[in-house]
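# Structural overview
The residues making up each chain are set out below.
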Amino acid sequence: MRNVVAIAKKELNIYFTTPIAYAMFAVMTLLLSYVFAGYLNAFSKLSLEANVNPQIAEYLNATDMIVYPLVVFGGVFVVFIVPFLSMRLIAEEKRQKTFELLMTSPLRPVEIVLGKYLGGVAIMGVAVLIALLFPAILQLFAGSAGTGGSGGIEWRTTLLGFFGLFLWSSAAMAIGMFVSSLTSSQAVSAIVSLLVLLLMWLASWGAMATDGALSEVMNWLSAQRHLHGFARGVFDLKDLAYYLSWIVLGLFLTHRAIEAHRWA
């Protein structure tokens, strides 16, 4: 476990001593701020109309109208940012010829995989916490107005939604790391990972064009569909199993790829 933590710290040190993490946090904050402000403005206009038409007030819910789309947009952001965070995890080691040193060190392949993965997941964990500041701001300024039912936003739904976002980030990181283990080119790793994650995110679109068993399979493969459940505040074991399955599969395939490289 000590070796795993040491590798994770090394990865975090690389992220934070280069512009990678700071650029990602800055872009994410800028985009989420724009989305948050847009939905908040729309919600404010409906709130004003509710003073004239009380029926509108029955449908006003800050969690559904602001937090939900914020979580979904966060899922889209994951598709485009994780490939550029995961691309360097192993591909860069191969490019710099330091991967052979890892292979000849006392470290076991499983420790290398878990250490690098935890370093990448920690970065996404920080990103999710930063995104969680937006609902906190909404609660701070809207809570006293009784917005969203029981004063402010519904925290159970909100936290479940961001938990789902973290699971999707973790699954995407596992997939991206596996792709990174297959090549020494960071550009190739980023492009392939982006395509894979984009296909996973848009799989539900394919389900609408098919029917029967194929449609069910496409719906199950859709990362977007499973995230929607969490964002709506519904905890379904099949959604949890979906993300955990991709995490386990990504880590397993990465381990096998590293093992194969060791004996090559």
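Residues numbered from 1 in each chain as written. Predicted model: local features only at pLDDT ≥ 70, side-chain atom pairs only at ≥ 80, totals over all residues. Heavy atoms only, no water.

### Overview of the overall build of the protein
- Each helix and strand counted, the protein has 14 helices and zero strands in total.
- For the protein, the α and β elements follow one another from N to C terminus as α-α-α-α-α-α-α-α-α-α-α-α-α-α.
- Dimensions of the protein, computed from the C-alpha atoms along their principal axes, are close to 75 × 50 × 30 Å.
- Evaluated residue by residue, the protein yields a buried proportion of 48% over its 264 residues.
- Expressed as a percentage of contacts within the protein between residues at least 6 apart in sequence, the contacts between residues at least 24 apart total 76%.
- Carbon and sulfur atoms make up 70% of the accessible area of the protein, which amounts to about 13,100 Å² in all.
- Between the averaged position of the 16 positive side-chain charges in the protein and that of its 14 negative side-chain charges there is a distance of 12 Å. (Helix = DSSP H or I, 4+ residues; strand = E, 2+ residues; numbered from the N terminus. Buried < 20%, exposed > 50% of the residue type's maximum accessible area, 1.4 Å probe, protein only. Contact = heavy atoms within 4.5 Å. Areas by Shrake-Rupley, 256 points an atom, 1.4 Å probe, with all protein chains shown as cover. Lys, Arg positive; Asp, Glu negative; His and termini not counted. Charge placed at Lys NZ, Arg CZ, Asp CG, Glu CD.)

### With respect to the nonpolar core
- By size, the foremost hydrophobic cluster in this structure holds 68 residues, and its most contacted members are Met24, Met124, Phe162 and Trp168.
- Sort the elements by how many residues they give to this core and helix H4 (residues 62–86) lands first, with 13 residues. (Core = buried A, V, L, I, M, F, W, Y, C linked by side-chain atoms within 4.5 Å.)

### Observations regarding helix H10 (residues 186–201)
- Taking 1.5 Å as the rise per residue, H10 with 16 residues should run 22 Å; its terminal C-alpha atoms sit 22 Å apart, in good agreement.
- What H10 keeps buried is the set Gln186, Ser189, Ala190, Ser193, Leu197, Met200 and Trp201. Here the buried residues of H10 occupy an arc of 95 degrees about the axis, which is enough to place them on one side. In H10, the exposed positions that point more than 90 degrees away from the buried face belong to Ile191, Leu195 and Leu199. (Expected span 1.5 Å × (residues − 1). Arc of directions from axis to C-beta.)

### Some details on the pattern of salt bridges
- Under the definition given, this model contains seven salt bridges.
- In this structure, lysine 10 and glutamate 93 form a salt bridge, with 3.3 Å as the shortest nitrogen-oxygen distance. Placement of the pair is lysine 10 in helix H1 (residues 2–17) and glutamate 93 in helix H5 (residues 91–95), with a sequence separation of 83 residues.
- Of the residues examined, lysine 10 reaches a relative accessible area of 40% and is grouped as partly exposed. (Salt bridge = Lys/Arg side-chain N within 4 Å of Asp/Glu carboxyl O.)

### Let's talk about the packing of aromatic side chains
- A complete count under the given rule lists 11 aromatic pairs for this structure.
- On the numbers, 6.3 Å between centres and 50 degrees between planes, the contact of tryptophan 168 with tyrosine 243 is tilted. Of this pair, tryptophan 168 sits in helix H9 (residues 155–180) while tyrosine 243 is found in helix H14 (residues 237–263), placing the two residues 75 residues apart along the sequence.
- Judged by relative accessible area, which is 0%, tryptophan 168 ranks as buried.
- Its relative accessible area of 0% is what places tyrosine 243 among the buried residues.
- Taken together, a centroid distance of 6.4 Å and an interplanar angle of 75 degrees make the contact between tyrosine 242 and tryptophan 246 edge-to-face. Residue tyrosine 242 and its partner tryptophan 246 are located together in helix H14, separated by four residues, close to a single helical turn. (Phe/Tyr/Trp six-rings, centres within 6.5 Å; stacked < 30°, edge-to-face > 60°.)

### Examining the packing of H9 against helix H13 (residues 223–231)
- Running from amino to carboxyl end, H9 crosses H13 at an angle of 155 degrees, the nearest separation of the two axes being 7 Å. With respect to H13, the axis of H9 lies roughly antiparallel. Here Thr157, Leu160, Gly161, Phe163, Gly164, Leu165, Leu167 and Trp168 of H9 come into contact with H13, specifically with Ala223, Leu227, Phe230 and Ala231.
- Classifying every residue of the contact of H9 with H13 by side-chain character gives nine nonpolar, three polar and no charged. (Axes fitted to C-alpha atoms, helices over the stretch in contact; angles between N-to-C directions. Parallel < 35°, antiparallel > 145°, perpendicular 65-115°, else oblique. Nonpolar A, V, L, I, M, F, W, Y, C, P; charged D, E, K, R; others polar.)

### A few points about the packing of H1 against helix H7 (residues 109–131)
- At their nearest, the axes of H1 and H7 sit 7 Å apart, and the two run at 40 degrees to each other. Between H1 and H7, the crossing angle belongs to the class labelled oblique. Note that H1 runs across H7; the crossing there is right-handed. Touching Asn3, Val4, Ile7, Ala8, Lys10, Glu11, Leu12, Tyr15 and Phe16 of H1 are Glu111, Ile112, Leu114, Gly115, Lys116, Leu118, Gly119, Gly120, Ala122 and Ile123, all from H7.
- Looking at the contact of H1 with H7 residue by residue, the classes come out as 11 nonpolar, four polar and four charged. (Left-handed = near helix turned anticlockwise from the far one by under 90°.)

### Considering a nonpolar patch on the surface
- Side chains of Leu133, Ile137, Leu140 and Phe141 sit close together on the surface and give an oily, nonpolar patch of about 470 Å² of accessible area.
- Owing to a relative accessible area of 51%, leucine 133 belongs among the exposed residues under this scheme. (Patch = residues over 30% accessible without salt bridge, like charges linked within 9 Å, V, L, I, M, F, W, Y side chains within 5 Å.)

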